[in-house]
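For reference, the chains in residue letters:
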Amino acid sequence: MSKIFKKIMEAVEEGDKEEVIALVQEGLEDGETPQSILNDGLLEGMNLVGEQFKQGTIFVPEVLMSAQTVDAGMEILKPLLNAGDIKNAGKIVFCTVEGDLHDIGKKLCSMLLQGAGYEVIDLGADVAVDRILDGVKVHKPDILAMSAMLTTTMLSMDTAVESLKKEGLDQVAVMIGGAPLSNDYALKIGANYSEDAVGAVELADRLLGN
Ligand code: B12
């Protein structure tokens, strides 16, 4: 592995935002691709952090600092990952569901979807079902995308899909994702699932026939 990726992973682990920003820029100057800086540097770093969190060797404040470094790195990469395509593939309203603050996965999916020509309206994290319905009414998207990272919060996706039906808004396709979700759960609630950001683009393309 290139040295720069290892340095980025370490800086993410240490929650050192300034260092991550400097290293991402250095990587780009050295000719590394935005995709590899994202996957082999920032997200690999976040994986390490996730492992340590799981083992109980670090806690929420440290994870949050690391998450912020990934966010800062993604901000630099975003325009580069989006540069390829300007076609209008469709409109997507995206959110993380109520009670859930995890938004890195959502941001990453949004970035790649935008890169593939989708207009993404990001409602943010911790979004209640009422606000999701309002978002669908106001923006009239082709797809509603919802993210959840907690087994407790994913359950509100079912309520959201049911509420769309009740309000006669079920012409919108629904796609869901996040670590605790599965294809089985998606089928059960009448939604579509993909496990990662590349898959999110493929799924959106398939749903809209792009
Ligand atoms: C970062 C993080 C945090 C940060 C979040 C910061 C932020 N701004 O996002 C902070 C510190 C706030 C946090 C808090 C908590 N967290 Co947390 N967190 C994580 C961690 C380490 C990484 C998540 C992440 O960002 N991964 C990187 C991104 C890129 O991956 P991703 O989110 O999975 O997204 C990808 C796919 O899932 C998919 N995807 C995601 N969304 C969507 C949507 C669609 C439509 C599609 C198609 C695809 C898709 O595509 C993405 C890209 O490939 C995970 C551990 C882990 N390994 O996942 C725990 C984890 C999710 N957290 C966990 C827990 C328990 C918590 C807390 C309850 C801890 C506490 N005691 O307070 C709180 C809850 C706060 C809340 N109310 O939300 C647990 C969840 C357990 C469970 N099954 O419910 C995990 C799994 C850790 C663990 N092993 O215990 N956390």
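The structure displayed is predicted, hence computed values, not measured ones.

### What about the UniProt feature "domain: B12-binding" (unreviewed entry) in the protein?
Thought 1: Residues annotated in UniProt with the feature "domain: B12-binding" (unreviewed entry) correspond here to residues 89-210.
Thought 2: Strand forms 20% of residues 89-210 and helix 43%; the C-alpha atoms that close the span are 7 Å apart.

### Considering unusual backbone geometry
Thought 1: Positive phi values are uncommon outside glycine, yet D126 reaches one of about 55°.
Thought 2: In this structure, D126 sits in the loop between β2 (118-122) and α6 (129-139).
Thought 3: Using a relative accessible area of 37% as the deciding quantity, one classes D126 as partly exposed.

### Remarks on the pattern of salt bridges
Thought 1: Enumeration according to the criterion identifies 6 salt bridges in this entry.
Thought 2: One salt bridge in this structure joins E10 and K6, with 3.4 Å as the shortest N-O distance. With a gap of 4 residues between them, E10 and K6 both fall in helix α1 (residues 3-14), about one helical turn apart.
Thought 3: For E10, a relative accessible area of 34% gives the class partly exposed.

### Observations regarding the site of the ligand
Thought 1: Taken together, 35 residues form the shell around the ligand, and within it G99, L101, H102, D103 and S147 come nearest.
Thought 2: Within the backbone of G99, an N or O atom sits 2.9 Å from a nitrogen atom of the ligand.
Thought 3: Here a nitrogen atom of the ligand sits 2.7 Å away from a polar atom, N or O, in the side chain of D103.
Thought 4: Listed by contribution, the elements that provide at least two residues to the shell around the ligand are α3 (34-55), α4 (60-82), α5 (104-115), β3 (143-147), β4 (173-177) and α9 (197-208).
Thought 5: Each residue belonging to the shell around the ligand can be placed in one class, and the counts come to 21 nonpolar, 9 polar and 5 charged.
Thought 6: Shared between two domains, the shell around the ligand takes at least three residues from each, and those domains are domain 1 (3-82) and domain 2 (90-208).

### Comments concerning the nonpolar core
Thought 1: L38, L42 and L113 are the most contacted members of the largest nonpolar core, which totals 41 residues.
Thought 2: Residue contributions to this core reach at least three from each of two domains, namely domain 1 (3-82) and domain 2 (90-208).
Thought 3: Ranked by size, the runner-up nonpolar core spans 27 residues in total, among them V127, V136, Y185 and A186.

The rules behind the values
- Residues numbered from 1 in each chain as written.
- Predicted model: local features only at pLDDT ≥ 70, side-chain atom pairs only at ≥ 80, totals over all residues.
- Heavy atoms only, no water.
- UniProt positions renumbered as here; feature names shortened; annotations may be inferred.
- Helix = DSSP H or I, 4+ residues; strand = E, 2+ residues; numbered from the N terminus.
- Buried < 20%, exposed > 50% of the residue type's maximum accessible area, 1.4 Å probe, protein only.
- Salt bridge = Lys/Arg side-chain N within 4 Å of Asp/Glu carboxyl O.
- Near = heavy atom within 4 Å.
- Polar contact = N/O pair within 3.5 Å; in protein donor to acceptor, adjacent residues only side chain to side chain.
- Nonpolar A, V, L, I, M, F, W, Y, C, P; charged D, E, K, R; others polar.
- Domains from an automatic or database assignment.
- Core = buried A, V, L, I, M, F, W, Y, C linked by side-chain atoms within 4.5 Å.

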